[in-house]
Each structure stands twice: as structure tokens, then as C-alpha cells.
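Residue-level structural notes
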Amino acid sequence: MAASIKVTGATVQVPYYVQPEQKRGGWLATLVNAAAAVPKRQFATLLQDITFEANEGDRIALVGRNGAGKTTLLRALTGAFRPTQGAVAVTGSRQALLNMSIGFNPEATLVENIFLRATAMGIPAVQVRELVDPILDFAELRDVASRRLLTLSSGQKMRLGFAIATSVRSDIMLLDEWFGTGDIYFVKKARARLTDHVEGSKIVVVASHNQTLTKRLCNKGLVLDQGQIAFYGPLDAAVREYEKLNSIRQRGASVAERATRAATSAGSNQHAT
Ligand SMILES: Nc1ncnc2c1ncn2[C@@H]1O[C@H](COP(=O)(O)OP(=O)(O)OP(=O)(O)O)[C@@H](O)[C@H]1O
């Protein structure tokens, strides 16, 4: 089956709660207010009117500043976020490497966690049984297989999460930048496996701030800015657009900074006279 991604006018909004601002008062008033005040529900628009298509052979780098919406878009592609408007249609099997710790049960053993996560990834139990040994071997955790997960270090958990997530191949790979954690030896080994999987995938979408990595893996770039698409096209052009966007932002920030400095010094001059 041909793999494809088609996102049409997708907007993602999420509710969040804001605690009413605290009026000045003593500790008792603070306590009573905290207990009695009803948090206000508001909505944040994380993605707005996103439209793009990806077909076989497309390896897309998601670029944008912190908070631009890259992870949110990946989550929408995995199905974790449903668009509040518009549609996200993904054809083909998906493999997502977003958060290495999601879906783990700290009280369960390593082997039990392999079953839990692999089943959540949609791998049939019969197949998971065959995957247990290769996963433990890749993570180099065979000696501690029957220990509870909570006894592992964070790097060891990351190894296990990576080994499970990459134990099967898929048509579409969705990656959030997590590389760089763990020891250099494992990161090298993980990168080699990742490159191999990327080469074998039909479509790849990777969110990253690392231009060396995106140049190595990708041929297209999608620039996100405040939850909207600023550019989608060939990688080189996307990088140029992103740099342009950054320099405009930087100029805006220095103008604002100069204005604030001028206002502050005018204020202190007034006080001095
Ligand atoms: N569940 C949520 N509720 C409210 N706001 C959220 C939620 N999840 C994300 N956000 C906000 O949405 C925006 C986009 O977040 P997202 O994690 O997608 O950004 P990003 O481009 O991946 O950033 P980074 O490069 O820092 O990883 C941010 O402003 C973030 O604070």
C-alpha cells in the first residue's frame, strides 16, 4: 500500500486552566483564595490551519523556534491530538519516536514493559515474544531483564524505550529530537539504527534544531512559526526561510529592547530631578 500524509486545514486547540490572580493579603487569605478560587478555562491554539501533503520519498524536517508547534504537529500525525478543525489523514504504518518514557510502568519488570509498550504500538503478542530478546540485546539490558523498571537509570530507560520503538519497521517514521541523551557509545549505535530505519521508510518527518542531522536525513523542510506554516518546500529553501524569519525576529527584539531601555532611563532621570 502506498504511504501518504494529507493534512487539510488542521487546527489544534487545547483547554487549559488559569488560576485567578491573587489579591494581596496575608497567608490566611492566600490559603482561602487558593482553596475557593475556581480556575478559569481557556483555550490555546497550538496549530492553526495547517495544510500540507507528503508522499513516498519525502523526508521532511520540521523546523521552527521553541514553542512553534513541531511536537504538536507530530502528535497530530500520530493521532494523539485530534484536530479541532480540519483533517489529518495518514495512510501506512506509523512508527513514532517522540517521548522515550511514555507508556512505561515503573513497577513492572523490563520484560513486562516490553510487552506493554510493544502491544500499545499495535504489535501482536505472538510477535512481541520473538522481539523480547533482540530488544534486550540491543539495549544491552539482558542481565537486568527481570528487575523492576524503577531500578534503572534514566539512560538505561532511554535505551530500552529506543530499542522497543525501533524493534519493527514502518512505512512512516515520526521523530522528535531526543538524540544526544545517553552515553556517546549508545547514541552512536542508536543513530546507526535510526539512519538504517529512515532509509527503509517511505516517509519521514523529523522535528529538529540540528541542521547537520536534518541535512543528512531530509530532502524537504516545513517551517512552523507560532503554530502556522511559514514555508513548505525543498530543504535548502526552508532553511533560508527559517533564517530570514529569525533575523526579522531578532531585529524586532532589539528594537523592543532599545525602547524598553530608553523608557527605563527616562523614568530614572525623572526620579533624579
Ligand atoms: N497541552 C498543552 N496545553 C497548553 N499548551 C500547550 C500544550 N502542549 C503544548 N502547548 C504549547 O503549544 C506550543 C507549541 O508546543 P510544541 O511542544 O509543539 O513546540 P515545539 O515547536 O515542539 O517546541 P520545542 O522546539 O521547544 O520542542 C507551546 O507554546 C507550548 O507551550
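Residues numbered from 1 in each chain as written. Predicted model: local features only at pLDDT ≥ 70, side-chain atom pairs only at ≥ 80, totals over all residues.

Taken in spatial order, the six strands line up as S5-S6-S7-S3-S8-S9 in an open sheet, and their pairing is mixed. Across the chains shown, the open sheet's two edge strands, defined by having one partner strand only, are strand S5 (94-97) and strand S9 (228-234). The sheet shows a mean angle of 15 degrees between the axes of neighbouring strands, direction not considered. As defined by bridge partners, S5 adjoins strand S6 (residues 172-176) across four bridges and the pair is classed as parallel. Within S6, the residue paired with Ala 96 across the bridge is Leu 174. (Pairing = 2+ DSSP bridges. Helix = DSSP H or I, 4+ residues; strand = E, 2+ residues; numbered from the N terminus. Axes fitted to C-alpha atoms, helices over the stretch in contact; angles between N-to-C directions.)

Turning to the site of the ligand, a few remarks are in order. The immediate surroundings of the ligand are formed by 13 residues, with Asn 66, Gly 67, Lys 70, Thr 71 and Thr 72 found nearest. Counting residues per element, the ones that place at least two in the shell around the ligand are strand S1 (4-18), strand S2 (40-55) and helix H2 (70-78). A total of three residues in the shell around the ligand trace back to one element, the largest contributor, which is H2. Taken together, the residues that form the shell around the ligand break down as six nonpolar, six polar and one charged. (Near = placed C-beta within 6 Å. Nonpolar A, V, L, I, M, F, W, Y, C, P; charged D, E, K, R; others polar.)

Here the focus is the packing of helix H4 (residues 125-139) against helix H5 (residues 154-165). Between H4 and H5, the shortest axis-to-axis distance is 9 Å and the interhelical angle comes to 135 degrees. Classed by the angle they form, the pair H4 and H5 counts as oblique. Crossing of H4 over H5 shows right-handed handedness. Two secondary-structure elements touch here, H4 through Ile 135, Phe 138 and Ala 139 and H5 through Arg 159, Leu 160, Ala 163 and Ile 164. Along the lines of polarity and charge, the residues of the contact of H4 with H5 split into six nonpolar, no polar and one charged. (Parallel < 35°, antiparallel > 145°, perpendicular 65-115°, else oblique. Left-handed = near helix turned anticlockwise from the far one by under 90°. Contact = placed C-beta atoms within 7 Å.)

Moving on: the packing of helix H3 (residues 110-120) against H4. Helix packing for two helices is described by the angle between their axes and how far apart those axes are. Taken N-terminus to C-terminus, the directions of H3 and H4 make an angle of 130 degrees; their axes are 10 Å apart at the nearest point. Judged by the inter-axis angle, H3 sits oblique to H4. Crossing geometry of H3 relative to H4 is assigned as right-handed. Facing H3, whose interface residues are Val 111, Ile 114, Phe 115, Ala 118 and Thr 119, H4 presents Ala 125, Val 128, Leu 131, Val 132 and Ile 135. For the contact of H3 with H4, the class distribution of residues is nine nonpolar, one polar and no charged.

The nonpolar side chains of soluble globular proteins are, as a tendency, buried together. Grouped together as the largest cluster of nonpolar side chains are 57 residues, with contacts concentrated most on Leu 62, Leu 77, Val 205 and Val 206. Of the residues forming this core, the biggest block, six residues, is contributed by H5. Other than its neighbours up to four places away in sequence, Val 206 contacts Ala 61, Leu 62, Leu 175, Thr 214, Leu 217 and Cys 218. (Core = buried A, V, L, I, M, F, W, Y, C linked by C-beta atoms within 7 Å. Buried ≥ 20, exposed ≤ 12 C-beta atoms within 10 Å, placed from the backbone.)

Burial of S6 is extensive: four of the five residues sit out of reach of the surface. Where S6 lies against strand S7 (residues 203-207), five bridges are found, and the strand directions are parallel. The partner of Met 173 across the bridge, within S7, is Val 204.

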